[in-house]
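Residues per chain are reported as follows:
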Amino acid sequence: MLESTKIHTPSQMSRVFDIAKDTVLFLLLSCYYILESLFWTLMPNAIRPMKNLKGDVVVVTGAGGGVGRHLSIKLARLGAKVVAWDINKEALQKTCSALTDEGYEVASYIVDLADRTSVYSTAEKVKKEVGKVDMLINNAGTVFGETLLELSDAAIETTYKVNILSHYWTVKAFLPEMIKTGKGHIVTVGSVAGLLGTYRCTDYSATKFATVGFHESLFTELRAHGHNTIYATLVCPYYINTGMFDGVTPRLMPMLEPDYVAETMIDSIRKNEVNCVMPGSVRYLLPLKCLLPAKMCWDLMHRVMKGPQSMMDLKKKQNVAQN
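Rules behind the numbers
Residues numbered from 1 in each chain as written. Predicted model: local features only at pLDDT ≥ 70, side-chain atom pairs only at ≥ 80, totals over all residues. Heavy atoms only, no water. UniProt positions renumbered as here; feature names shortened; annotations may be inferred. Salt bridge = Lys/Arg side-chain N within 4 Å of Asp/Glu carboxyl O. Helix = DSSP H or I, 4+ residues; strand = E, 2+ residues; numbered from the N terminus. Buried < 20%, exposed > 50% of the residue type's maximum accessible area, 1.4 Å probe, protein only. Phe/Tyr/Trp six-rings, centres within 6.5 Å; stacked < 30°, edge-to-face > 60°. Patch = residues over 30% accessible without salt bridge, like charges linked within 9 Å, V, L, I, M, F, W, Y side chains within 5 Å. Areas by Shrake-Rupley, 256 points an atom, 1.4 Å probe, with all protein chains shown as cover. Contact = heavy atoms within 4.5 Å. Expected span 1.5 Å × (residues − 1). Arc of directions from axis to C-beta. Polar contact = N/O pair within 3.5 Å; in protein donor to acceptor, adjacent residues only side chain to side chain. Pairing = 2+ DSSP bridges. Axes fitted to C-alpha atoms, helices over the stretch in contact; angles between N-to-C directions.

If you look the protein up in an unreviewed UniProt entry, it shows as Short-chain dehydrogenase/reductase 3 from Papilio xuthus. Entered under Subcellular location (unreviewed entry) in the UniProt record, the comment concerning the protein runs "Membrane". Per UniProt, the protein carries the Sequence similarities (unreviewed entry) text "Belongs to the short-chain dehydrogenases/reductases (SDR) family."

J.: An account of the pattern of salt bridges is requested, with residue identities and associated values reported.
T.: Tallied over the full model, the rule gives 6 salt bridges. Glu124 serves as the salt-bridge partner of Lys127, at 3.0 Å between the closest nitrogen and oxygen. One end of the pair is Lys127 and the other is Glu124, both in helix H4 (residues 116-129) and 3 residues apart, which spans about a single turn. Exposure remark for Glu124: the relative accessible area of 38% places this residue in the partly exposed category. Residues joined by salt bridges that share partners form a network here, namely Lys74, Asp259 and Glu263.

J.: Lay out the packing of aromatic side chains with the relevant residues and their values.
T.: Taken as a whole and judged by the stated rule, the model has 5 aromatic pairs. Centroid distance Trp85 to Phe174: 6.0 Å. Interplanar angle 55°. Geometry classified as tilted. On the criterion of sequence distance, the pair formed by Trp85 in strand S2 (residues 81-86) and Phe174 in helix H5 (residues 153-181) is long-range, its members being 89 residues apart. Take Trp85 and Phe174: they sit in the same class, and that class is buried. Here the aromatic rings of Tyr168 and Phe214 are separated by 4.8 Å at their centres, their planes lie at 65°, and the arrangement is edge-to-face.

J.: An account of a nonpolar patch on the surface is requested, with residue identities and associated values reported.
T.: Taken together, the side chains of Leu25, Leu29, Tyr32 and Tyr33 make up a nonpolar region of the molecular surface, amounting to roughly 410 Å² of accessible area. On the secondary structure map, Tyr32 appears in helix H1 (residues 10-42).

J.: Quick rundown of the side chain of Thr95? Include the residues and the values.
T.: Within the secondary structure, Thr95 sits in helix H3 (residues 89-101). Not counting residues up to four positions away in its chain, the partners in contact with Thr95 are Ala63, Gly64, Gly65, Arg69 and Ser72.

J.: If you had to explain the side chain of Ser205 to someone new, which residues and values would you point to?
T.: Within the element layout of this structure, Ser205 appears in helix H6 (residues 202-224). Once residues lying within four places of it in the same chain are set aside, the contact partners of Ser205 are Ala193, Gly194, Leu196, Gly197 and Thr198.

J.: An account of H4 is needed here, citing residue identities and associated values.
T.: Its 14 residues give H4 an end-to-end C-alpha distance of 20 Å, which sits within 8% of 20 Å, the value for a rise of 1.5 Å per residue. Taken together, the buried positions of H4 are occupied by Ser118, Val119, Thr122, Ala123 and Val126. Summarising the axial view, the buried residues of H4 lie within an arc of 130°, below the 170-degree limit, and thus occupy one face. Of the exposed residues in H4, those oriented more than 90 degrees away from the buried face are Thr117 and Lys128. The N-terminus of H4 is capped by Asp115, whose side-chain oxygen sits 3.1 Å from the backbone nitrogen of Thr117. Residue Gly131 follows H4 closely and has a positive phi angle near 125°.

J.: I'd like to hear about the sheet that holds strand S5 (residues 184-189), residue by residue, with values.
T.: Pairing is parallel across the open sheet formed by 7 strands, whose spatial order is S3-S2-S1-S4-S5-S6-S7. The sheet is open, and its two borders are formed by strand S3 (106-110) and strand S7 (275-278), each paired with just one other strand. Direction aside, neighbouring strands of the sheet carry axes that sit 15° apart on average. The pairing of strand S6 (residues 230-237) with S7 spans 4 bridges and is classified as parallel. Across the sheet, the residue bridging to Cys236 is Val277, located in S7. Along the sheet, H3 contacts S2 and S3; its crossing angle with S3, the most-contacted strand, is approximately 180°.

Dropping the structure here:
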């Protein structure tokens with residue numbers, strides 16, 4: 001009888017105590033975090049303390065057009081030194097002209113994000129010619145707009161190289177110096193398509209799901225190692241009216257305008273937010289995917305939102321556009 005009685009060793013009791021203590025502390029802190037979040041959410045940006053970007057060196061990938069161009073201009077107006085990356089020389093020149101016309105300096109580099117060697121070599125040029133990078137905005141992306149069986153193997157590989165693999169190369173190139181100086185910000189541009197599978201986007205949507213996982217894992221690594229002054233912001237916008245999704249006709253919400261997306265992104269960055277979903281209403285719909293029965297989710301998507309139907313007329317892309 002005595003032999004069958006399990007005796008808790010001090011180490012076991014200590015473990016239970018530690019779990020209980022950490023759980024109570026978590027619950028107390030959770031109350032504070034919720035109140036803090038409500039406070040900052042309700043406070044207007046006009047009176048809220050915002051991060052000063054003056055003098056910061058900011059790399060923007062896909063700066064040649066769309067959101068990238070708007071980001072570059074708005075960041076320059078805030079005093080940041082913009083380093084514009086794009087594969088399209090003509091588009092990049094237009095962005096540079098827009099900045100110089102307003103009296104701002106800009107450093108520009110033609111980069112093929114699908115080429116790891118090109119990314120690394122250009123990053124070294126930036127560090128030598130411009131200086132230490134304070135913020136990296138991985139904004140570039142590409143979409144081909146075809147169903148899985150229509151997609152060529154080359155298109156799939158290109159989408160992965162541009163939309164997610166390039167993030168590894170750019171972050172590995174610039175993060176070490178951010179850690180060394182204790183100052184930095186990594187901005188990962190994902191998509192609502194990275195939170196919800198999208199018709200004719202098996203390549204695009206999958207890579208955007210990957211960007212979400214990349215961001216969340218990078219964030220945990222930075223925090224776990226105590227790099228609390230290196231910030232990470234994930235941006236997941238709805239369809240943006242940049243030309244990437246020409247022909248798409250959303251039913252419930254109109255496409256977002258690139259100027260609005262860029263402005264919202266910069267506000268989120270200056271607040272050091274971890275997540276930025278646009279429009280904000282989308283974040284309240286996403287949990288339904290996990291909470292509702294699968295058939296109900298499909299009917300909501302197909303019958304009410306008409307997601308697949310809205311993508312039927314998406315114009316296929318013949319060439320890669322990194323914007």
